[in-house]
Each structure stands twice: as structure tokens, then as C-alpha cells.
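Each chain is listed here by its residues.
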Amino acid sequence: MIAFEKLHEQNHKITELSNVFLYLIRERSMCDTDVACDVFFNLTNQVREHMEVVDRELCRKLLLHPDQAVKNTANRFLSGSTEIKRIFNNYLKQWCSEKRRSLKISDYAAFVQDTEQMFALVMDRIQRETEHLYPLVRKLEEKGERQVA
């Protein structure tokens, strides 16, 4: 399994970048800067990477557990992940050009609102991982170690 330190580092980085980006976009003129775009694309890459790691390293392995409650938890997180990815991809299609690494803001108020909602969704997901998924995985790992000893 993946080290929890790495997951917590990813969570911290995503939270930090999200806070910085949300702060930057409070001023319309900042949205068009290279710095804001760099923060934005770093953030989106971090979110994608984190979601993939959690899905692959935690959820997929939990699906193999014999306890149905554990499998159900993994399925809920994977379903949530699928939905967040869908929403995230739609958000990206609407508000940025990944090829040009630029933002496409035609309606500033709508962009800010969508951005705040998108990253609130990501932060909620990270909180649920931290409060529910990670403790479950730790508990199962500890049980496994005790059974081996």
C-alpha cells in the first residue's frame, strides 16, 4: 500500500494550491497572469494524480477484501471519484485550454462560482478520505500485521 505520508503531502499541496488559486482569482486581472495559470494547472494535475493514486492504491485493493462492508466503502469512494472526475473534466473543458495552458474566462462571475464549487467538492473529498478511508485502511493493515505476528 501507499505510504500515508505521501497521501497527506498530496492533500496538503492540493489544499495549499486551491487556497492560493481561489485567492488569486478574487481579482479579475489576476486570472490572466502566467502565475495564476501555473498555479491552476499545477493544482489540476495534483488533483488528477491524487485521485488516481487513491483509486488505484487504496480503493481497488479494498475491493479484494473479504468483508462486504469494506468492499462497500471502496465502491462508494470509487463511485464518488468517477463523479468528481466527470464534473472536473466538464469544468476544465469549459474554463481552460489545456493545450495552450490558459484559462478561457468569458463570464468572470460564473467562472469564480464554478471554481469555488469545484474546489469545495475536491476539499470535501479529501476530508472524507482523511476521516473515513485512511482510518479504515490503517485498521485493516494493523489487523493484518497482528495476524502475521
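For every chain, the first residue of the written sequence is number 1, and numbering continues from 1 along that sequence. For a predicted model such as this one, the threshold for reporting local features is a pLDDT of at least 70, and the threshold for listing and counting side-chain atom pairs is 80 or more; totals across whole chains, interfaces and linings nevertheless cover every residue. To get the side-chain values, take all heavy atoms of the structure and skip hydrogens and water.

Q: Explain helix 2 (residues 34-62) to me, and be specific about the residues and the numbers.
A: The helix count covers DSSP runs of H or I at least four residues long, the strand count covers runs of E at least two residues long, and both are numbered beginning at the N terminus. For a helix, the expected span equals 1.5 Å multiplied by the number of residues minus one. For helix 2, built from 29 residues, the straight-helix expectation of 42 Å at 1.5 Å per residue is met to within 8% by its first-to-last C-alpha distance of 41 Å. Note on bend: at a given residue it equals the angle between the axes fitted to the 7 residues ending there and to the 7 starting there. Helix geometry: helix 2 is bent most strongly at Asp55, by close to 30°.

Q: I'd like a rundown of the packing of helix 2 against helix 3 (residues 68-95), residues and numbers included.
A: Contact pair helix 2 / helix 3: the axes reach a minimum separation of 10 Å and the direction vectors enclose 160°. As judged from the angle between their axes, helix 2 and helix 3 are roughly antiparallel. As for how helix 2 packs across helix 3, the hand of that crossing is left-handed. Residues Phe40, Thr44, Val47, Arg48, Met51, Glu52, Asp55, Cys59, Arg60 and Leu62 of helix 2 form the contact with helix 3, whose own contacting residues are Val70, Lys71, Ala74, Phe77, Leu78, Ser81, Ile84, Lys85, Phe88, Asn89, Tyr91 and Leu92. Here an axis means a line fitted to C-alpha atoms, over the contact stretch when the element is a helix, while the angle between two N-to-C directions is reported on a 0 to 180 degree scale. Here the angle decides the label: under 35 degrees means roughly parallel, over 145 means roughly antiparallel, 65 to 115 means roughly perpendicular, and every other value means oblique. Should the near helix be turned counterclockwise from the far one by less than a right angle, the crossing is left-handed, whereas a clockwise turn marks it as right-handed. What makes two residues a contact is simply this: any of their non-hydrogen atoms within 4.5 Å.

Q: Which residues make up unusual backbone geometry, and what values go with them?
A: Peptide bonds are trans in most cases, and residues, glycine excluded, mostly fall at negative phi. Here the phi dihedral of Arg101 falls at roughly 50°; this positive angle occurs in a residue that is not glycine. Along the chain, Arg101 turns up in the loop between strand 1 (96-97) and strand 2 (102-103).

Q: I'd like a rundown of the packing of helix 1 (residues 4-24) against helix 2, residues and numbers included.
A: Interaxial distance between helix 1 and helix 2 falls to 9 Å at its minimum, and their mutual angle equals 150°. Relative to helix 2, the element helix 1 lies roughly antiparallel. Pair helix 1 / helix 2 crosses with left-handed handedness. Side-chain classes are defined by residue name, with Ala, Val, Leu, Ile, Met, Phe, Trp, Tyr, Cys and Pro counting as nonpolar, Asp, Glu, Lys and Arg as charged, and the others, Gly among them, as polar. Partitioning the contact of helix 1 with helix 2 into residue classes produces 15 nonpolar, 6 polar and 3 charged.

Q: Mind laying out the pattern of salt bridges, listing which residues take part and the relevant values?
A: Salt bridges are counted wherever a side-chain nitrogen of Lys or Arg sits within 4 Å of a carboxyl oxygen of Asp or Glu. Scanning all chains against the criterion turns up 12 salt bridges. Ionic pairing is found between Asp32 and Arg28, a salt bridge with its closest N-O pair at 3.2 Å. The exposed category is assigned to Asp32, whose relative accessible area is 54%. Glu57 is the salt-bridge partner of Lys61, the closest N and O atoms lying 3.5 Å from each other. Of this pair, Lys61 and Glu57 both sit in helix 2, 4 residues apart, which is roughly one turn of the helix. Judged by relative accessible area, which is 18%, Glu57 ranks as buried. One network of salt bridges, with partners in common, ties together Glu52, Asp55, Lys85, Arg125 and Glu129. Type-normalised accessible area, obtained with a 1.4 Å probe on protein chains alone, sets the label of each residue: buried when under 20%, exposed when over 50%, and partly exposed for intermediate values.

Q: Tell me what's going on with the packing of aromatic side chains, and back it up with residues and numbers.
A: Any Phe, Tyr or Trp ring, taking Trp's six-membered ring, that has another such ring centre within 6.5 Å forms a pair; planes under 30 degrees apart are called stacked, those over 60 apart edge-to-face, and the others tilted. Inspection of the entire model under this criterion finds 8 aromatic pairs. Look at Trp95 and Phe111: their rings are 5.4 Å apart centre to centre, the planes differ by 65°, and that puts the pair in the edge-to-face class. One end of the pair, Trp95, is in helix 3; the other, Phe111, is in helix 4 (residues 108-148), and 16 residues separate them in sequence. The same class applies to Trp95 as to Phe111, namely buried. An aromatic cluster is present here, built from Phe21, Phe40, Phe41, Phe88, Tyr91, Trp95, Phe111 and Phe119 joined pairwise through their rings. The aromatic ring of Phe4 is capped on one face by Arg138, whose charged end is 4.1 Å from the ring centroid. Whether a charge sits over a ring comes down to the Lys NZ or Arg CZ being within 6 Å of the ring centre and within 35 degrees of the ring normal.

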